Amino acid sequence: MYRKFYLTLTLISALVVLAFTLLAAYREATPGWKTHRSEYRRLFIEKARAAGKEAVLPDMGIQQIYLPELGRVDRCTNCHAGVDNPLMADAEMPYRLHSGDYLRNHPVDRFGCTVCHQGQGRATNKKEAHGEGRDTHWDYPIIPLKYIQSSCAVCHDLDMLERSGADRVAEGAGLFREKGCKGCHKLNGTGGVLGKHLDGVGSQPAAYFPMKYVRGEKTVYSWLRQHFGDPRSIVPGSLMKVDLTDREADLLTTYMLSLRSEEMPAKYRRTRHAEAEEPPDGGTLYRMYCIACHGTGKKSVYDRIFKRTIPAIMDPAFLRTANDLFLTRVVKEGRTGTPMTAWKAGGAGLTDEEIDRIISYMTRNRPPSAGQAAGGIITASKISADIPLRPEDALWKRARAFTVPLMLVGRSPDPMDRLVRVRALYNDRDIAFSVEWEDVTRNVSLGVNKFRDGAALQFPVRNTAEPSFRMGQGTGRDGRGMVNIWFWKADVQESIDTGGKTDGRGPVENLTATGFGTLRLKDGPSVPVRGRGQWRNGRWQVVFRRALSGREGDAVFSAGGVTPVSFAVWDGAGEDVDGRKAVSAWYYIVPEK
Amino acid sequence: MNQPGMDKFRENLRNIKGSFAASLLRTKRPISGRSRAAVMLNNFFLHIQGVRTNVNTLRPAYTFGLGLVSLFLLFFTTVSGILLMIYYNPSTGDAYNSVKDITYVVFAGRLMRNMHKWAGEGMIIFVMLHMARVFYTGSYSRPREFNWLVGIMLLTLTFVLNLSGYMLPWDQLSYWALVIVSNIIQSSKELTDALGITPYFDIGGMAKEFFLGGTVPGKATLIRVYFLHIMLLPILLFIFLGVHFWRIRKDGGLSRPAGAVEKSVFSWPDLLRAEAAVFMLCLAGVLVYSFYVDAPLREMANPLIPENPAKAPWYFLGLQEMVSYSAFTGGIAAPALAILGLALIPYLDREEGHAGVWFSGRQGMITALQSLLAGAVVLAGLLAFVIRFGWFRNWWPDVPQILIIMVNPAGIWVAFVALWSLRVIKKTGSTRMGAIALFTMFLVSYVMFTYVGTELRGPNWEFYWMKSRWPVH
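All figures in this text were calculated on a predicted structure; none of them were measured in a lab. Sequence order as written defines residue numbering, which begins from 1 separately in each chain. Chains carry letters and ligands carry numbers; both start at the beginning, A for chains and 1 for ligands, and go up in the order they are written. Whole-chain, interface and lining totals are the exception, using all residues; otherwise, since this is a predicted model, local features are given only for residues with pLDDT of at least 70 and side-chain atom pairs are given and counted only at 80 or more. With hydrogens and water excluded, all non-hydrogen atoms of the structure serve as input to the side-chain values.

A short note on the domain arrangement of chain A
All names here are of chain A. Convention followed: Per the annotation, domain bounds derive from an automatic or database assignment of domains. Residues count as neighbours in contact if any of their non-hydrogen atoms are within 4.5 Å of one another. By buried area we mean the combined loss of accessible area, with a 1.4 Å probe, across both parts when two parts are placed together. The salt bridge definition used is simple: a Lys or Arg side-chain nitrogen within 4 Å of an Asp or Glu carboxyl oxygen. Residues adjacent in sequence count toward polar contacts only when both atoms are side-chain atoms; beyond that, a polar contact is any pair of N or O atoms within 3.5 Å, and within protein one must be able to donate a hydrogen and the other to accept it. Under the scheme applied here, ten amino acids are nonpolar (Ala, Val, Leu, Ile, Met, Phe, Trp, Tyr, Cys and Pro), four are charged (Asp, Glu, Lys and Arg), and all others, including Gly, are polar.
Under the domain assignment used here, chain A contains domain 1 (32-137), domain 2 (149-268), domain 3 (283-371) and domain 4 (377-591). Relative to domain 3, the C-alpha centre of domain 2 lies at a distance of 26 Å. Taken together, the 19 residues of domain 2 in the interface contact 16 residues of domain 3. Counting the surface lost from both domain 2 and domain 3, the interface buries some 1,400 Å², and carbon and sulfur atoms represent 62% of this. Here domain 2 and domain 3 share two salt bridges between them. Salt-bridge contacts for Lys-241 lead to Asp-303; the nearest nitrogen and oxygen are separated by 2.1 Å. Counting the contacts that link domain 2 with domain 3 gives six residue pairs in polar contact (both at pLDDT 80 or more). For the side of domain 2 that touches domain 3, a count of residues per class yields five nonpolar, seven polar and seven charged.

So, in structure tokens, the structure goes:
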């Protein structure tokens, strides 16, 4: 039955089976590496003969270097057969002798290849052994030679590498310090938290990196290199600051690739701590941790990435207002609501001693006259007389002035001096503040595309907690994040001064907020905060005054106590309105006992 | 020198071919009817088949050799599997490396692994096709009901064997498939959660933990899965296979049309010739496919890098698609109903006299075509609706989960299949027609759900027309 059909089927199938068995056998018996081995043997004999030496013929079978302690099996020498054969110095790749004298201290049979070069040691064809392309599904492609020194640092310390031929990785490590990368990136326990921590970054698989915008091959080293070139082209919205030459970017990439998590066995490691490492001085620490944001610290700069002004922390004008206590507090605890990191041991990981050293470095140019200055602290002097509301009153002129730097929010910088001078007075009944700042244009009307000048004081409702100085934004809608704001408006002041309609109100509003868009008036028609502003010679001066004891939800002041305060100023000519303004972080009011 | 002794020795040497053949076959050359019968009866491997074979059995267009193909594929996986076992090391540290070594340095290792993989996955396809052949030729009817059940058991074992093999290379595919599968195993948790009894009776969690040997895939899981794959499941499979073959003989050989002339031929050589042809064809197919297509091997398993989408192997993606509607439905209810429905077919349709005829004639073919069309259109519509508009959770985020468990696309589809089959029974007055409708729709759902899960679902289980449109990470 169906005899012919079945026999034909059997015959044809059997022929196919036979053909493919032979094909498979041929393919298996002639892998690419065997061709390389025969070619190597031919070259070897030829070169040995030319050199008049005797060729010890190599074994033609498969080669592998089995390194149990390193957890590696390297079969690279099947093709790279002449890697330790001096006769092969000028041979073609892949038969050529290894460059330099690296193999003298790192014999192939003890170190293999992939421990330095990466790639897939087990593979026996070029594409997969080199781990080229994502379709080889190998996380550690062969490292390009310009980054190869990254592997040296896996076993050697930088101190040793600096002198013995791995200068690129040592230089990269130096750049890492000098550019202040640790200002944002944590490594070995210290460093900021704005960026990704970098422990083990050199052995992370490609899947950890967003490769979408990487051009060319999607490898970790391409990612790093292109990210150093332009971080925002690789990670949109990245806050990372770079200003690197191509060479520096290469060196830093090399250093990044050296940060591997694998721990080499002790017998493979060689370190040389030639001299005990000196603890870094204040200047070094400043460069390591602060310089990326604060630069030289000599002048305040508007930062386009952070979209705010970074204060000039080494400017004498600033230092006059900031004493060590205040600086220590800010450095240790950070500034809520700004990118300023908390650098204490439990945060970014600096010791108290290191912070002290940074502060001594920062304040080395503090004017001697400022020795008494209460840093970040605005003392309110007690007087017995009535506190005047008139800005030009002599009492205000005699009061002590404190300078508070402002940072711009939501707008680009202008040439104005962004500082406010603050004076504070109190008596048994009232407390008052005089706030003075430069503003060359007087903008006192509000309309379409017309903006007014303004000033505001802000206090946390509870003194014990410090909400974000950005109107308590993000620090909780409960009492903890609530702020009390005194808002003086130049247009209302103008109406009052010119006898216009004012609804019987003063120029100051008393408000509360728990973040942007939550601002609301606190009181009815009787506003407890009174105020008066005056523009003269390109400067505004505004006095705010309130009864010492406020109502529920108002700022609280007590003799000897501390009340945090922050300041905001709007410039109408600069189209400032709402969140677009210049603000300060928290300062502290201390009514003198 | 003892001359007669040496003569005897020489003579024995000369006759060695004949005497070995006689000892092997236990009979003379099978050229006469008697010796042909004897050769079949007296051979351990051949005696499970009849001395004579009905001509209908040999008709290529009747069986298409599908059962035999499944058997031979099993044979190839067994042989290649034993070879792989020599090199494979079932520990989380070495499994991946040993598979790499098999690929790179073991002679023909890559080919063996490919053959093992493709023959195994081929079994899924061919066992299902074989089941379809048996079904559409009505071969499950009395007295073959029980063998149909054994067949279902073998189908299930085929699935589980494939799945357990998928885990062994311990690469990213293995690991994340394990995660998905263990979540499918855990899916009754959705129901106990909805009922609020999980803290007292967490059967899903227990099942998952039993399968994984822990709460996440790890060392214990790999050795467990390895044991299943090379020991428990193959033993069960071969036992059921033995029963399956034995029942074929006991149930009167392969089914054939009732009215057909009872004409048979000697199994030697006609049946064996057919079998040899299928064997060769099968080997050729697996060999050629394995020569060109490599079994996948991704990066080494890394619990810190989730694959997105993490997918089960393709043959379970229909279930995973349903799990995306409701874990309980996709993980427990739908597969249980499918297996139960298939198993009950021979007991709910006891019509006789239609065995051995494809589709039981014209009416059956029309019913099958109608069900195919209706099923494909309705299911495509349903899937399109779900993909375009989502389901309860997208419309009312706070809807209780129990409502989704009770009313979800998979459930609606099962209800539609049941109603459609009942309507066919009512309209045609034939339970056989109802069975044809039901089975056709089962095939439609398996193919379509699997297609959607495999090809149309991308990262976050979102819809994409093709893989090339997936967003790049």
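Some thoughts on helix α10 (residues 220-229) of chain A
Residue and element names in this part refer to chain A. Operational definition: Relative accessible area decides the class of each residue, using a 1.4 Å probe on protein chains only: under 20% of the type maximum gives buried, over 50% gives exposed, and in between gives partly exposed. Each helix corresponds to a stretch of at least 4 residues labelled H or I by DSSP, and each strand to a stretch of at least 2 residues labelled E; elements are numbered beginning at the N terminus.
Buried residues dominate α10, accounting for nine of its ten residues. Within α10, the full set of buried residues consists of Val-220, Tyr-221, Ser-222, Trp-223, Leu-224, Arg-225, Gln-226, His-227 and Phe-228. Looking at the buried positions of α10, the neighbouring elements they touch are α11 (231-234) and α12 (246-258).

Notes on the state of the cysteines
By definition, a disulfide links two cysteine residues through a covalent bond between their sulfur atoms. The condition is simple: Note on terminology: disulfide denotes any pair of cysteine sulfur atoms within 2.5 Å.
Summed over all chains, the structure comprises zero disulfides over all chains. Take Cys293(A): it sits in no disulfide, and the sulfur closest to it among the cysteines is that of Cys184(A), at 4.8 Å.

Some words on empty space enclosed by the protein
All names here are of chain A. We apply this condition: Method remark: on a 1 Å grid restricted to protein atoms, a set of points is classed as a cavity if a 1.4 Å probe fits but cannot get out and as a pocket if it is open with protein on both sides within 12 Å along at least five of seven lines; lining residues have an atom within 4 Å of a point. Grid points are joined across faces, edges and corners, and a volume is the space filled by probe spheres set on the points.
This model, assessed by the stated rule, comprises four cavities of 30 Å³ or more. The volume enclosed by the largest cavity comes to roughly 570 Å³. Lining of the largest cavity is provided by 33 residues; of these, His-294, Pro-311, Ile-313, Val-330 and Met-340 occupy positions nearest its centre. Breaking the lining of the largest cavity down by element, the ones donating at least two residues are α14 (291-294), β4 (308-310), α16 (324-333) and α17 (352-362). Per element, the largest residue contribution to the lining of the largest cavity is four residues, and it comes from α16. Looking at side-chain class alone, the lining of the largest cavity contains 26 nonpolar, five polar and two charged residues. Composition of the lining of the largest cavity by domain shows at least three residues from each of domain 3 (283-371) and domain 4 (377-591). Taken as a whole, the second largest cavity holds about 110 Å³ of empty space.

Points about the side chain of Thr450(B)
Residues and elements named next belong to chain B. If you trace the backbone, Thr-450 turns up in helix α21 (residues 431-456). Here Thr-450 falls in the buried class, since its relative accessible area comes to 8%. Among the polar contacts made by the side chain of Thr-450, one reaches the main-chain carbonyl oxygen of Tyr-446 at a distance of 2.5 Å. Setting aside residues no more than four positions away along its own chain, Thr-450 makes contact with Trp-314, Leu-317, Gly-318 and Ser-445.

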